[in-house]
Amino acid sequence: MKFHKIYAALLFISPIACAKTLDLNLDKTMPAIEKFYLDLHQSPELSYHEQQTGQKIARQLKQIGFDVTSNIGGFGVVGIYENGDGPTVMIRTDTDGLPIIEQTGKSYASNVTITNDEGATVGVMHGCGHDIHMSSFIGTAQQLVQHKDSWQGTLMMVAQPAEEVGGGAKAMLKEGLFSKFPTPDHVIALHVSASVPAGKVSMKNEYTMASVDSVDITVKGKGGHGAYPHTTIDPVVIASRIVLALQTVTSRELSPLEPSVITVGSIHGGSKHNVISDEVKLQLTLRSYNPEVRLQQIAAIKRISQGIALSAGLDKSLMPEVYVHEDESIPSTYNNPEQTNIVRNAISSAIGKDNVLETQAVMAGEDFGLYGRTEQNIPITLFWLGGVEKSQYIAAQKSGQTLPSLHSSKFAPDYKVALPTGIKAMSNAAVALFNN
Ligand SMILES: [Zn+2]
Ligand SMILES: [Zn+2]
């Protein structure tokens, strides 16, 4: 009996039981964070061009007291803050914008335009909310340093470029993110949500975002005159058959219990009404959670393409070429359940249980998943930070209209509510992981 009482008392004073919510004095710091957000929003840079953005992050982290290294894996930035013995917790933000002309009508909308590699003028916008990620990231760094007596260990702030092209995480890891710097014990990130109201967060254990692969199929044929099809082998017809047959991979070949998407997003062939061409090009995106499913998808695409080409009478030398862009391949994001439970509990205490929602997995992808797929097998958690302005959310619920999605030119997160929520959520999640 006595032993149990002592044990219960010890449990009560253990760090987990005692982990209480940080008392954040955000009123003082929010004006500067909002200013930082508006500056980032008005100066977005495209993937692989995030030089100024990286410098701004580096400057902020240095001011807070971090040991900062720039230009890791492109314009990636790593900030290290050592605070005694304890685990290393890595918090990641992404930094790139998108080639979108902003149409939110906001006074602070981005007017940035650039000339792309093809010579065309394109707008640039933080249409995926990475400016929200960066400013709550800096706010979190400030709070964690201010409240350094609440945790012990190494805080690793990572600003990753080129998320939108699936290149940044890969490049940072390749340049020694987990070897030149402390290897993290925990990795966390947030992503703004275009469907969750501001003031709330949502998350899910296990698979939360899909793997992404880009695949090209070059279908060959024997061209000729459109009036003499019998003298040709028409690649437009072969490509059309392939597109239709690919619809059966998910529906007929894969387990109905395994999510899978195969979308043919682009088909190009021919040059004129009366010419049968020699070639048609297809561009596909593949999504899945289970790595086995990804391999099955790729094998089926190769087999079906070749089978249809053979059935059309094409010679073995003219088989379709299937090219998987392995360099752009992104694995699915798997939220480690134990770690995600700790994160969920900490955020519930910080912003209220009612403000923490469960969500479903999506077939969109994130290169964040890569941080959990290295040989160190580090647990990762990505949660969604509500971004939708409350009245807009209620109006959409009533009318049944869809809200502007991420990557929409009209996506305008409610930063005044989302930013402090993000800072509270992330700071408390990090402290809980340090004290775990
Ligand atoms: Zn995006
Ligand atoms: Zn994004």
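Reading the values: rules and limits
- Residues numbered from 1 in each chain as written.
- Chains lettered and ligands numbered in written order.
- Predicted model: local features only at pLDDT ≥ 70, side-chain atom pairs only at ≥ 80, totals over all residues.
- Heavy atoms only, no water.
- Helix = DSSP H or I, 4+ residues; strand = E, 2+ residues; numbered from the N terminus.
- Buried < 20%, exposed > 50% of the residue type's maximum accessible area, 1.4 Å probe, protein only.
- Contact = heavy atoms within 4.5 Å.
- Areas by Shrake-Rupley, 256 points an atom, 1.4 Å probe, with all protein chains shown as cover.
- Lys, Arg positive; Asp, Glu negative; His and termini not counted.
- Charge placed at Lys NZ, Arg CZ, Asp CG, Glu CD.
- Donors = N, O, S within 2.8 Å, 3.2 Å for Na, K, Ca; no water.
- 1 Å grid on protein atoms, 1.4 Å probe; cavity = no way out; pocket = protein on both sides within 12 Å on 5 of 7 lines; lining within 4 Å.
- Points joined across faces, edges and corners; volume = space filled by probe spheres on them.
- Nonpolar A, V, L, I, M, F, W, Y, C, P; charged D, E, K, R; others polar.
- Domains from an automatic or database assignment.
- Buried area = accessible area lost by both parts, 1.4 Å probe.
- Polar contact = N/O pair within 3.5 Å; in protein donor to acceptor, adjacent residues only side chain to side chain.
- Salt bridge = Lys/Arg side-chain N within 4 Å of Asp/Glu carboxyl O.
- Core = buried A, V, L, I, M, F, W, Y, C linked by side-chain atoms within 4.5 Å.
- Axes fitted to C-alpha atoms, helices over the stretch in contact; angles between N-to-C directions.
- Parallel < 35°, antiparallel > 145°, perpendicular 65-115°, else oblique.
- Left-handed = near helix turned anticlockwise from the far one by under 90°.

1. A few points about the overall build of the chain
Scanning the chain for helices and strands turns up eleven helices and 18 strands. Each of the three principal axes of the chain carries a C-alpha extent, and together these read 90 × 60 × 50 Å. A burial count over the chain gives 52% of its 436 residues as buried. In the chain, the proportion of contacts linking residues at least 24 apart, taken out of those at least 6 apart, comes to 82%. Per element, the accessible surface of the chain, about 20500 Å² overall, is 52% carbon and sulfur. Positive and negative charge centroids in the chain, built from 35 and 42 side chains respectively, lie 5 Å apart.

2. What to know about the coordination of the zinc ion (ligand 2)
Every protein donor of the zinc ion (ligand 2) is listed here as Cys128 (SG), His130 (NE2) and His191 (NE2), and their distances to the metal cover 2.1 to 2.4 Å. Mapping the donors of the zinc ion (ligand 2) onto the primary sequence yields the spacing C-x1-H-x60-H. Separating the zinc ion (ligand 2) from the zinc ion (ligand 1) is a distance of 3.2 Å, and Cys128 supplies a donor atom to each of them. Note that His130 is positioned in helix H5 (residues 130–146) and His191 in strand S7 (residues 186–197), a separation of 61 residues in sequence.

3. Thoughts on the environment of Val68
Take Val68: it is sitting in strand S1 (residues 67–72). Relative accessible area serves as the criterion here: at 16%, Val68 is assigned to the buried category. The sequence separation of Val68 and Met157 amounts to 89 residues, and the corresponding C-alpha distance is 9.2 Å. The residues contacting Val68, other than those within four sequence positions of it, are Ala58, Leu61, Lys62, Val77, Val78 and Gly79.

4. Side note on the layout of surface pockets
The space that makes up the largest pocket amounts to roughly 460 Å³. Going through the elements one at a time, strand S9 (206–220), strand S13 (279–288) and strand S17 (362–365) are the ones with two or more residues in the lining of the largest pocket. By residue number, the principal contributor to the lining of the largest pocket is S9, which donates three residues. In terms of residue class, the lining of the largest pocket is made up of eight nonpolar, six polar and six charged. When residues of the lining of the largest pocket are assigned to domains, at least three fall in each of domain 1 (10–209 + 332–434) and domain 2 (211–328). In this structure, the second largest pocket occupies an estimated 340 Å³ of space. Surrounding the second largest pocket, 15 residues form its lining, Leu46, Ser47, His49, Asn116 and Asp117 being those nearest its centre. Counted by class, the lining of the second largest pocket contains seven nonpolar, five polar and three charged residues.

5. Description of the coordination of the zinc ion (ligand 1)
Summarising the metal site, the zinc ion (ligand 1) is bound by the protein donors Cys128 (SG), Glu164 (OE), Glu164 (OE) and His407 (NE2), whose distances to it range over 2.0 to 2.6 Å. Mapping the donors of the zinc ion (ligand 1) onto the primary sequence yields the spacing C-x35-E-x242-H. Given a relative accessible area of 6%, Cys128 falls into the buried group.

6. Quick notes on the domain arrangement of the chain
Taken domain by domain, the chain consists of domain 1 (10–209 + 332–434) and domain 2 (211–328). Both sides of the domain 1 and domain 2 interface together cover about 840 Å² of buried area, and 58% of this is carbon and sulfur. It is Tyr207, Ser332 and Met363 in domain 1 that bury the most area against domain 2; as a group they hold 59% of the surface buried on that side. Taken together, domain 1 and domain 2 are joined by four residue pairs in polar contact (both at pLDDT 80 or more). Only S9 and S17 provide two or more residues apiece to the side of domain 1 that touches domain 2. Top contributing element to the side of domain 1 that touches domain 2 by residue count: S17, with four residues.

7. Details of the side chain of Thr93
With respect to the helices and strands, the residue Thr93 is situated in strand S3 (residues 88–94). Ignoring any residue separated from it by four or fewer positions in sequence, one finds Thr93 in contact with His130, His133, Met134, Phe137, Val158, Ala159 and Gln160.

8. Details of the pattern of salt bridges
Enumeration according to the criterion identifies eleven salt bridges in this entry. For Arg92, the salt bridge identified is with Asp94, shortest N-O distance 3.5 Å. Exposure remark for Arg92: the relative accessible area of 3% places this residue in the buried category. One salt bridge in this structure joins Asp367 and Arg92, with 2.9 Å as the shortest N-O distance. Here Arg92 lies in strand S3 and Asp367 lies in the loop between S17 and strand S18 (380–388), a separation of 275 residues in the sequence. Via salt bridges that share partners, Arg92, Asp94, Glu366 and Asp367 belong to a single interconnected network.

9. Some words on the nonpolar core
Counting residues in hydrophobic clusters, the biggest one holds 55 residues, and the most contacted among them are Leu61, Phe66 and Ile347. With eleven residues, the single largest contributor to this core is helix H11 (residues 415–434). The contact partners of Phe66, leaving out residues within four places of it in the chain, are Leu61, Gly79, Ile80, Tyr81, Ala141, Val145, Leu155 and Met157. The next biggest cluster of nonpolar side chains, apart from the first, holds 27 residues, and it includes Ile238, Ala245, Val293 and Ala300.

10. Let's talk about empty space enclosed by the protein
One pass over the structure, following the stated rule, counts one cavity of 30 Å³ or more. Space inside the largest cavity adds up to approximately 50 Å³. Residue lining of the largest cavity: Ile91, Arg92, Thr93, His133, Ser136, Phe137, Thr140, Leu190 and Met426, and that is the complete set. Contributions of two or more residues to the lining of the largest cavity are made by S3 and H5.

11. Section: the packing of helix H7 (residues 235–253) against helix H8 (residues 291–311)
Here H7 crosses H8 at 140°, and the two axes come no closer than 9 Å. One element, H7, and the other, H8, form an angle in the oblique class. When the axes of H7 and H8 are compared, the crossing they make is right-handed. From H7, Ile238, Arg241, Ile242, Ala245, Leu246, Val249 and Glu253 reach across to H8, where they touch Gln297, Ala300, Ile301, Arg303, Ile304, Ser305, Ile308, Ala309 and Ser311.

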